[in-house]
Amino acid sequence: MRTVPQAQEITLQHVQRLDVESVPIERVLGRVLAEDVVSNRNHPPCDISAMDGYAIRFSDVKGATKNSPVTLNVVDDIRAGSTPKHPVCAGEASMIMTGAPVPGGSDAVIRVEDTSRRSHKGRHSKQEHPEAVDIWVEVPSGNNIRLMGENLKLGDTVLNVGAVIRPAEVGILSMVKKAQVSVYRHPTVAILATGDELEALNEPLNPEKIPNSNTYSTMAQIQALGIEPVLLGIARDTREHLEEKLLQGLQYDVLIVTGGVSVGHHDFVRPTLQDMGITIHFWRVAMRPGHPMAFGTGPKTKVFALPGNPVAGMVCCEQFIVPAMRKMMGFGQLYRPTVEATVASDVKDRAGRMHFMRAHLSGKENNLQIESVGAQGSGILMSMVRANALMVVPVECDYLRAGDRVRVQLPGSDQFQTEPRLDIC
Ligand code: AMP
Ligand code: MG
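Structural notes, computed from the coordinates. All figures in this text were calculated on a predicted structure; none of them were measured in a lab.

Here is what the cut-offs are and how they apply
Residues numbered from 1 in each chain as written. Chains lettered and ligands numbered in written order. Predicted model: local features only at pLDDT ≥ 70, side-chain atom pairs only at ≥ 80, totals over all residues. Heavy atoms only, no water. Buried < 20%, exposed > 50% of the residue type's maximum accessible area, 1.4 Å probe, protein only. Helix = DSSP H or I, 4+ residues; strand = E, 2+ residues; numbered from the N terminus. Contact = heavy atoms within 4.5 Å. Pairing = 2+ DSSP bridges. Axes fitted to C-alpha atoms, helices over the stretch in contact; angles between N-to-C directions. Core = buried A, V, L, I, M, F, W, Y, C linked by side-chain atoms within 4.5 Å. Patch = residues over 30% accessible without salt bridge, like charges linked within 9 Å, V, L, I, M, F, W, Y side chains within 5 Å. Areas by Shrake-Rupley, 256 points an atom, 1.4 Å probe, with all protein chains shown as cover. Salt bridge = Lys/Arg side-chain N within 4 Å of Asp/Glu carboxyl O. Near = heavy atom within 4 Å. Polar contact = N/O pair within 3.5 Å; in protein donor to acceptor, adjacent residues only side chain to side chain. Nonpolar A, V, L, I, M, F, W, Y, C, P; charged D, E, K, R; others polar. Parallel < 35°, antiparallel > 145°, perpendicular 65-115°, else oblique. Left-handed = near helix turned anticlockwise from the far one by under 90°. Phe/Tyr/Trp six-rings, centres within 6.5 Å; stacked < 30°, edge-to-face > 60°.

Topic: helix α1 (residues 4-13)
An α-helical turn contains 3.6 residues, so any two residues separated by three or four positions project in the same direction.
Link 1 in the chain: Among all positions in α1, only V4, A7, Q8, I10, T11 and L12 are buried.
Link 2 in the chain: In this fold, the buried residues of α1 make contact with β18 (279-283), β19 (287-288), β20 (294-297), β21 (302-306), α6 (310-328) and β24 (354-364).

A word on the sheet that holds strand β8 (residues 115-118)
Link 1 in the chain: The strand order across the open sheet built from six strands is β7-β4-β6-β5-β9-β8, with neighbouring strands paired in mixed fashion. The open sheet has two edge strands with one neighbour each: β7 (108-111) and β8. Each strand axis lies, on average, 40° off the axis of its neighbour in the sheet, ignoring direction.
Link 2 in the chain: Here four bridges tie strand β5 (residues 70-78) to strand β9 (residues 132-135), and the two strands are oriented antiparallel to one another. Across the sheet, residue T71 finds its bridge partner in β9, namely D134.

Description of the nonpolar core
Link 1 in the chain: Within the largest apolar cluster, 46 residues are counted, with the highest numbers of intra-cluster contacts made by M293, F320, M325 and F356.
Link 2 in the chain: If you list the elements that add at least two residues to this core, you get α1, β13 (189-194), α3 (214-223), β17 (254-258), β21, α6, β24 and β26 (389-393).
Link 3 in the chain: Of all the elements, α6 adds the most residues to this core, at 11 residues.
Link 4 in the chain: Beyond its immediate chain neighbours, meaning those up to four positions away, M325 contacts P187, V189, I222, L225, I227 and V254.
Link 5 in the chain: Among the nonpolar cores identified, the runner-up in size contains 17 residues, and A235, L250, V257 and A294 belong to it.

Considerations on a nonpolar patch on the surface
Link 1 in the chain: A surface patch of nonpolar side chains, about 270 Å² in accessible area, is lined by I380, M382 and V385.
Link 2 in the chain: As for its position among the elements, M382 is in helix α7 (residues 382-386).

Digging into the site of ligand 1
Link 1 in the chain: Neighbouring residues of ligand 1: 15 residues in total, closest E197, N212, S213, G260 and G308.
Link 2 in the chain: In the model, a nitrogen atom of ligand 1 is placed 2.8 Å from a nitrogen or oxygen of the N212 side chain.
Link 3 in the chain: One of the backbone N or O atoms of N309 is found 3.2 Å from an oxygen atom in ligand 1.
Link 4 in the chain: If ligand 1 stood free it would expose 480 Å²; the protein chains cover 78% of that surface.
Link 5 in the chain: Secondary-structure elements contributing two or more residues to the shell around ligand 1 are β13 and β15 (210-211).
Link 6 in the chain: Split into classes, the residues belonging to the shell around ligand 1 amount to five nonpolar, nine polar and one charged.

A few points about the packing of α1 against α6
Link 1 in the chain: At a closest axis distance of 10 Å, the pairing of α1 and α6 adopts a crossing angle of 30°. Judged by the angle between their axes, α1 and α6 are roughly parallel. For the pair α1 and α6, the crossing hand works out as right-handed. Residues V4, A7, Q8, T11 and L12 of α1 pack against Q319, F320, P323, A324 and K327 of α6.
Link 2 in the chain: Of the residues assigned to the contact of α1 with α6, the class counts are six nonpolar, three polar and one charged.

Describing the packing of aromatic side chains
Link 1 in the chain: Counted under the stated rule, the structure contains three aromatic pairs.
Link 2 in the chain: Pairing F282 with F295 gives two aromatic rings, centres 5.9 Å apart and planes at 35°, and the pair type is tilted. Separated by 13 residues along the polypeptide, F282 in strand β18 and F295 in strand β20 bring together distant segments of the chain.
Link 3 in the chain: You can call F282 buried: its relative accessible area is 3%.
Link 4 in the chain: Measuring from centroid to centroid gives 5.0 Å for F295 and F304, while their planes differ by 40°, and the two rings are tilted. With respect to class, F295 is no different from F304; both count as buried.

Any functional reading would require information beyond the geometric quantities listed.
Next comes the structure, spelled out in structure tokens:
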């Protein structure tokens, strides 16, 4: 029987990054970049002002204070988007707006709050275009000037293959005019539930049946990765119906089947997949919940056969499907984050399998506490609702004492890490 890390490794060996597709910038958030992006411009295109104020020569304002201001003649009014009409000579200033080009001769900008307007006759002026300005502060050379190319330099590689596209990257892509972006393709995913006892969502409530929840919890786990899966409904526990449904599922990059993969008389998923040419790479993993999990591959499709128990399916999806899908999508960080925490109260367990206990994590960064949420049955989906973390009880461990240190996985996080790190180290 495989351990969780072994089964993860086998899965990832059989899964490759998918090909590249071109996606409009409007839909590129969260994708992984498949091309280096080179800047086709300088940004800013020239030296521009970072403030509304006056472009001056810093040597003109040396020693200026509020009590002893320096008065400069105003020779120009430069708006953002316009071109300066006059250079700034000694004793002169140009009104300038944020984002406007700094005129020749000027080497600093004084913000408007550190000045007052004047007319030539020496009175304070409220007119829009003052003839002169009093400067109250001295500033260093380069003050409030954004240098040409300080954001983007023409010809520089500004984003690299493998970058995860966040909102800031989307902004940069627009700056360099990338309306279409090369990213790694997302896998297509189908989800199939199996079981004669299952009641579909659109069927009337029958108190003797089991509601098909796996389709929807798995769907949501896949949606959380940014992928809209196709729902194939429920296959009944006959080889014929199963084969018919599996055939549909094998059109997709990833097929997730839930239930029917254990040792019951009607658990036909594995033999049917094998008859259909799928190679099973492992079946059964030393974990709780989730023991009868299987993974196989066909010419096109990676097949994950999850246990039917609702919690087991979700936990297996986190351990095996999430990293595999992220690899296909081009991410470097495949695994949900884990942290170390202190066990809050004693936990009795059975050795032999890695146990992902539904638990509640509390406390601050250096003093995290973890506690079971109570009943841990693999059919008790409410334990997943109550939990905000999975406490990873190591394979060999049959008892955890309050105060012991343990690894905790955070399936709800949108951060990922490069290693599974399920063990305490
Ligand atoms: P199985 O792996 O098919 O033997 O199923 C194990 C347990 O999970 C049984 O109690 C099933 O009723 C339950 N189960 C199987 N499939 C689903 C499903 N799609 N939704 C909810 N429970 C399920
Ligand atoms: Mg079943």
